[in-house]
Amino acid sequence: RARDRNSGRVLALKLLHSHFVTDVLIVDRFKREAETSKLLRHPNVVDVESWAVSESGQVYMTEEFVEGISLQDAIAESGWLSVELTFAVAAQICSGLAAAHEMGVVHCDLKPGNIMLTRSPEGMLIVKVLDFGIAKIMPVTGDTVLRLTQSGNMQGSLLYMSPEQCLDEDLDGRSDVYSLACVLYESLTGKPPLCSRTAFETMNLHLTAMPAPLSTARTDLRWPVKLEGVLSRAYAKKPKDRYQSMAAFQSALLKVVDVPVEIEWPERW
């Protein structure tokens, strides 16, 4: 947290650890995160303003400061979130990612820790997606994805990675659909959908297994009739079998539970 001496505004500084400054690939990825994020201007995406290098050699970027709680901490605090609250959060995540996808940017590292929940001056819940650090930029035409990560260097969070990302294949917005479905499963149940003892086994589950049904993961809760089917389609193994856009996934979710556009900030946070 910092204050801009010129404008007086409170900002967030994202700093690159000093021992990475000499790593050209990491510095390049950091700079590209800033450049990629600057393309995105949406109420549900954290604004990134610029990046710079200080006189001492510290590489940093300046971002919108978001005061609140991460979805990861919210789940840890409560154990799980209600269907209504999860869907209210999901609707805003979908809006932010749909805007990113329209600009050709795929997040590639969606997880509860990268989703911030904050309170508007009017007391309403606002969701902010952050850390497009390993985002890939899709070309306007053609099928090739411009890789902004080192080829062969696995990037992303294994608990939420799509099968095609596990295989280091070309990605598009449908990969984020898969990751978001995994995030929502954890929000609803308090448990990641696919997890094993080792990274290899977890990757293999994403390639071959489907998450346990919600009714099995949480036998103590009651679930909307169509919810299981919507999530199952979203984390289908093949991209062609999923919702073909984030907007389509959002629409399907909102047909399961009629969530208002805005909900009040939960006071327990």
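Look up a bit, the structure's there.
Treat the numbers as computed from the prediction; the structure is a model and nothing was measured.

Asker: Is there a simple way to think about empty space enclosed by the protein in this case?
Answerer: Unoccupied space between atoms shows up once a probe the size of one water molecule is rolled over them. Under the defined criterion, the tally for this structure stands at three cavities of 30 Å³ or more. Computed from the structure, the second largest cavity encloses a volume of approximately 50 Å³. Forming the walls of the second largest cavity are E33, S37, V45, V46, V48, E63, V129, L130, D131 and F132. When the residues that make up the lining of the second largest cavity are grouped by side-chain class, the tally is six nonpolar, one polar and three charged.

Asker: Could you clarify how one ought to interpret the pairing of strand 8 (residues 125–129) in this entry?
Answerer: Regular strands place their side chains on alternate faces of the sheet. Counting buried residues in strand 8 gives four out of five residues, a clear majority hidden from the surface. Judged from the five bridges that link them, strand 7 (residues 115–119) and strand 8 form a sheet pairing that is antiparallel. What sits directly across from I115, in strand 8, is V129.

Asker: Explain the packing of aromatic side chains to me, please; I cannot follow it from the model alone.
Answerer: Any aromatic ring pair is given by two values, namely how distant the centres are and how the planes are angled relative to each other. For the structure shown, the criterion picks out two aromatic pairs. Considering the side-chain rings of W265 and W269, the 5.4 Å spacing of their centres and the 70 degrees angle between planes classify their relative orientation as edge-to-face. The pair formed by W265 and W269 is uniform in burial state, with each residue classed as buried. In this arrangement the basic side chain of R233 is found over the ring face of Y243, its NZ or CZ atom lying 4.3 Å from the centre.

Asker: Quick question: what am I supposed to make of the environment of Y243 here?
Answerer: Along the chain, Y243 turns up in the loop between helix 8 (227–234) and helix 9 (246–256). Excluding anything up to four places from it in sequence, Y243 contacts R174, V177, V230, R233, A234, A248, F249 and A252.

Asker: I tried to follow the nonpolar core on my own but got confused; where do I start?
Answerer: In a soluble, globular protein the nonpolar side chains are often hidden away together inside. Formed by 58 residues in total, the largest nonpolar core has its most connected members in I93, L117, L180, L231, F249 and W269. The set of elements that each furnish at least two residues to this core consists of helix 2 (71–78), helix 3 (83–102), strand 7, strand 8, helix 5 (173–189), helix 7 (214–217), helix 8 and helix 9. Here the element with the most residues in this core is helix 3; it accounts for 11 residues. If we skip the residues at most four places from it in the chain, I93 touches L110, I115, V127, V129 and L180. Counting residues in hydrophobic clusters, the runner-up holds eight residues, among them L16, F30, A34 and M61.

Asker: Would you explain the state of the cysteines in this entry?
Answerer: Here, disulfide denotes a covalent bond that connects the sulfur atoms of two cysteines. Under the definition given, this model contains zero disulfides. Between C94, a cysteine without a disulfide, and C182, which holds the nearest cysteine sulfur, the sulfur-to-sulfur distance is 14 Å. For C94, a relative accessible area of 0% corresponds to the buried category. Of all cysteine sulfurs in the structure, the one in C166 sits closest to C108, which takes part in no disulfide; the separation is 12 Å. Taking the relative accessible area as the measure of exposure, C108 reaches 2% and is therefore buried.

Asker: How should helix 3 be read in this particular structure?
Answerer: Note: α-helices contain 3.6 residues per turn, so residues at a spacing of three or four share the same orientation. In a regular helix each residue adds 1.5 Å, so 20 residues correspond to 28 Å; helix 3 covers 28 Å between its end C-alpha atoms and thus fits that length. Counting buried positions along helix 3 gives 16 out of 20 residues, so the element sits mostly inside the fold.

Asker: Looking at this structure, how should I read the packing of helix 5 against helix 9?
Answerer: Two packed helices can be described by the angle between their axes and the distance between those axes. Where helix 5 contacts helix 9, the axes come no closer than 9 Å and their chain directions differ by 30 degrees. Between helix 5, through G173, D176, V177, L180, A181 and L184, and helix 9, the contact on the second element is made entirely by M246, F249 and L253. Across the contact of helix 5 with helix 9, the residue classes break down as seven nonpolar, one polar and one charged.

Each value, and the rule that gives it
- Residues numbered from 1 in each chain as written.
- Predicted model: local features only at pLDDT ≥ 70, side-chain atom pairs only at ≥ 80, totals over all residues.
- Heavy atoms only, no water.
- 1 Å grid on protein atoms, 1.4 Å probe; cavity = no way out; pocket = protein on both sides within 12 Å on 5 of 7 lines; lining within 4 Å.
- Points joined across faces, edges and corners; volume = space filled by probe spheres on them.
- Nonpolar A, V, L, I, M, F, W, Y, C, P; charged D, E, K, R; others polar.
- Buried < 20%, exposed > 50% of the residue type's maximum accessible area, 1.4 Å probe, protein only.
- Helix = DSSP H or I, 4+ residues; strand = E, 2+ residues; numbered from the N terminus.
- Pairing = 2+ DSSP bridges.
- Phe/Tyr/Trp six-rings, centres within 6.5 Å; stacked < 30°, edge-to-face > 60°.
- Lys NZ or Arg CZ within 6 Å of the ring centre and 35° of its normal.
- Contact = heavy atoms within 4.5 Å.
- Core = buried A, V, L, I, M, F, W, Y, C linked by side-chain atoms within 4.5 Å.
- Disulfide = S-S within 2.5 Å.
- Expected span 1.5 Å × (residues − 1).
- Axes fitted to C-alpha atoms, helices over the stretch in contact; angles between N-to-C directions.

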